[in-house]
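So you can see what is in the structure, the chains are spelled out below.
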Amino acid sequence: MSPLDMPAGLVRGTPGIYRLSRPPAQLARRLQDHDWTVGRLSKVTDRAGVLTGIGQALGFPDFYGQNLDALWDCLTDLTGPTVLIWEDWQDFAVYHAEDWARLRQVLGDRVTELPPFAVVLV
């Protein structure tokens, strides 16, 4: 895997929100090799789809309420290093700018907490 396939900070275990310009060929496997739990989210078109997709990708419990407060609660209940790889996020960010801003705030706040959490936008 070339350095362009893997954000350097993530290799070092640094939480954050990362953006890759091309698909992460072996990113999930490499993160798993470094003991990260990996969830993948593909193209979603609305807020409900994003919240449902994140819950499914990260294995949230059945009682997950699929709103930003519930998202925060479940993200802070994570028990180990976790990364969400979100492919094709751009349409959601453009066409649902307010929802995108709120979601980015929640995700950005979570990366400052332990255990480590990261988001990779592809």
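Residues numbered from 1 in each chain as written. Predicted model: local features only at pLDDT ≥ 70, side-chain atom pairs only at ≥ 80, totals over all residues. Heavy atoms only, no water.

What follows is about the packing of aromatic side chains. We describe a pair of aromatic rings using the distance from one ring centre to the other and the angle between the two ring planes. According to the stated counting rule, one finds 5 aromatic pairs in the structure shown. Arranged with centres 4.9 Å apart and planes meeting at 75 degrees, the rings of Phe 60 and Tyr 64 form a pair that is edge-to-face. With respect to class, Phe 60 is no different from Tyr 64; both count as buried. When the centroid spacing of 6.0 Å and the interplanar angle of 40 degrees are considered together, the rings of Trp 86 and Phe 92 count as tilted. Accessibility classification places Trp 86 together with Phe 92 in one group, the buried group. Three or more aromatic residues joined by ring pairs form one cluster here, namely Trp 86, Trp 89, Phe 92 and Trp 100. (Phe/Tyr/Trp six-rings, centres within 6.5 Å; stacked < 30°, edge-to-face > 60°. Buried < 20%, exposed > 50% of the residue type's maximum accessible area, 1.4 Å probe, protein only.)

In regions of low pLDDT, the predicted coordinates are not meant to be interpreted in detail. Of all residues in the protein, 87% attain a pLDDT of 70 or more, and the chain-wide mean is 89. Across residues 1-5, confidence stays below pLDDT 50; counting only partners more than four residues off in sequence or on other chains, it has 12 contacts. (pLDDT = per-residue confidence, 0-100. Contact = heavy atoms within 4.5 Å.)

Next up on the list: the environment of Gln 32. Following the sequence through the fold, Gln 32 ends up in helix 2 (residues 27-33). Put simply, Gln 32 and Val 83 are 51 residues apart on the chain and 9.6 Å apart in space, counted from C-alpha to C-alpha. (Helix = DSSP H or I, 4+ residues; strand = E, 2+ residues; numbered from the N terminus.)

Tallied over the entire structure, the rule returns 5 salt bridges. Its salt-bridge partner being Arg 40, residue Glu 87 comes within 2.4 Å of it at the nearest N-O pair. In this pair, Glu 87 sits in the loop between strand 3 (82-86) and helix 5 (90-95) while Arg 40 sits in strand 2 (residues 37-41), placing the two residues 47 residues apart along the sequence. Two residues, Asp 91 and Lys 43, come together in a salt bridge whose shortest N-O distance is 3.0 Å. Note that Asp 91 is positioned in helix 5 and Lys 43 in the loop between strand 2 and helix 3 (47-57), a separation of 48 residues in sequence. The exposure class assigned to Asp 91 is partly exposed, which follows from its relative accessible area of 33%. Residue Lys 43 is classed as partly exposed on the basis of its relative accessible area of 48%. Taken together, the shared-partner salt bridges connect Arg 47, Glu 98, Asp 99 and Arg 102 into one network. (Salt bridge = Lys/Arg side-chain N within 4 Å of Asp/Glu carboxyl O.)

Residues Val 50, Leu 51, Gly 53, Ile 54, Gly 55 and Ala 57 constitute the buried set of helix 3. Looking at the buried side of helix 3, the elements it contacts are strand 2, helix 4 (68-76), strand 3, helix 5 and helix 6 (97-110). Looking one or two places after helix 3, you find Gly 59, whose phi comes out positive at around 65 degrees.

Our focus in this paragraph is unusual backbone geometry. The omega angle of the peptide bond from Leu 114 to Pro 115 is -5 degrees, so this bond is cis rather than trans. Locating Pro 115 in the fold gives a position in the loop between helix 6 and strand 4 (117-121). Phi angles above zero are rare outside glycine, and Asp 35 is one such case at about 70 degrees. Checked against the element boundaries, Asp 35 lands in the loop between helix 2 and strand 2. Non-glycine residue Gln 66 carries a positive phi angle of around 55 degrees. Tracing the backbone shows Gln 66 in the loop between helix 3 and helix 4.

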